[in-house]
Amino acid sequence: MLLLNRCIKDKVNIADAIYTVKTPFKEYPPSEHPDIQLCKIGEMYFTAPSYYEYYSRYICKEKLVCGKSDIAPKYPESVSYNCAYIGGKLFCNTKTADESIIDFCNEKGIELIHVNQGYTKCSMLAVGENAFITADDVIAEKGRKAGFDVLKIRSGHILLDGYDYGFIGGTAGMIDEKSILFFGDPKTHADGKEITRFIISKGFNIITLFDGTLTDVGGLVLF
């Protein structure tokens, strides 16, 4: 089952999809992005108190953690759950991540990789467990130092409603061990050839959910 942004509900036809919580923050479209509302770490899921009841309909309570921070349209309240778990490590801004996420990682011995970018999950597209794509210089540098294979791309060339451009992590997500689903065509990015080549080199297929420019809709969460 996939969690997708409710804004694309009318554009796609996926039988096993569910959609994000509708929020009152009309001035902040990303509030309905999956990577804003839900953080997945292994088999555990973290969400804000306001959204806990909704997501408990789809995730058993033993695996769903009600965080301590609620989501608001202003930074840093907007990024409490925007953390990227990959290869047994959690990339996040440790100053803005929800306390329950930090506590869980410390308890389980999960390495925290601090980055200044609060929109960490937005900024990273995982390609398996040992590689990712990003336009963020610091995330790329810290990823390489931690042993990840990183493709550094240029910023921009991604649509995001209400903003100059979006982030690569919000344009796609792994739907299984062999496939990455994109919202829009990755070839429309200025580094599209490098993106597709990198993904294919890691043994993944590329699936496009709809045609046109690569679009940041907050990625997806796989249940």
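Residues numbered from 1 in each chain as written. Predicted model: local features only at pLDDT ≥ 70, side-chain atom pairs only at ≥ 80, totals over all residues. Heavy atoms only, no water.

Undergrad: Describe the pattern of salt bridges, naming the residues involved and giving the relevant values.
TA: If charged atoms from side chains of opposite charge come close, those side chains can pair. One pass over the full model with this rule turns up 9 salt bridges. Its salt-bridge partner being Glu32, residue Arg6 comes within 3.9 Å of it at the nearest N-O pair. Note that Arg6 is positioned in the loop between strand 1 (2-4) and strand 2 (17-19) and Glu32 in the loop between strand 2 and helix 1 (34-37), a separation of 26 residues in sequence. On the basis of relative accessibility, which here comes to 32%, the residue Arg6 falls in the partly exposed class. (Salt bridge = Lys/Arg side-chain N within 4 Å of Asp/Glu carboxyl O. Helix = DSSP H or I, 4+ residues; strand = E, 2+ residues; numbered from the N terminus. Buried < 20%, exposed > 50% of the residue type's maximum accessible area, 1.4 Å probe, protein only.)

Undergrad: Residue-level account of helix 4 (residues 137-145), with values.
TA: Listing the buried residues of helix 4 in full gives Ile139, Ala140 and Gly143. Projected down its long axis, helix 4 carries its buried residues within an arc of 100°, all on one side. Set apart from the buried face of helix 4 by more than 90 degrees, the exposed residues are Asp137 and Lys145. The secondary structure elements touched by the buried residues of helix 4 are strand 7 (89-92), strand 9 (124-126), strand 10 (131-134) and strand 11 (149-152). The residue sitting at the N-terminus of helix 4 and contributing the capping side-chain oxygen is Asp136; that oxygen lies 3.0 Å from the backbone nitrogen of Val138. (Arc of directions from axis to C-beta. Contact = heavy atoms within 4.5 Å. Polar contact = N/O pair within 3.5 Å; in protein donor to acceptor, adjacent residues only side chain to side chain.)

Undergrad: Run through helix 3 (residues 99-108), naming residues and quoting values.
TA: For helix 3, the complete set of buried residues consists of Ser100, Ile101, Ile102, Phe104 and Cys105. Contacts made by the buried residues of helix 3 are with strand 3 (38-41), strand 4 (44-47), strand 5 (64-66), strand 7 and strand 8 (111-114).

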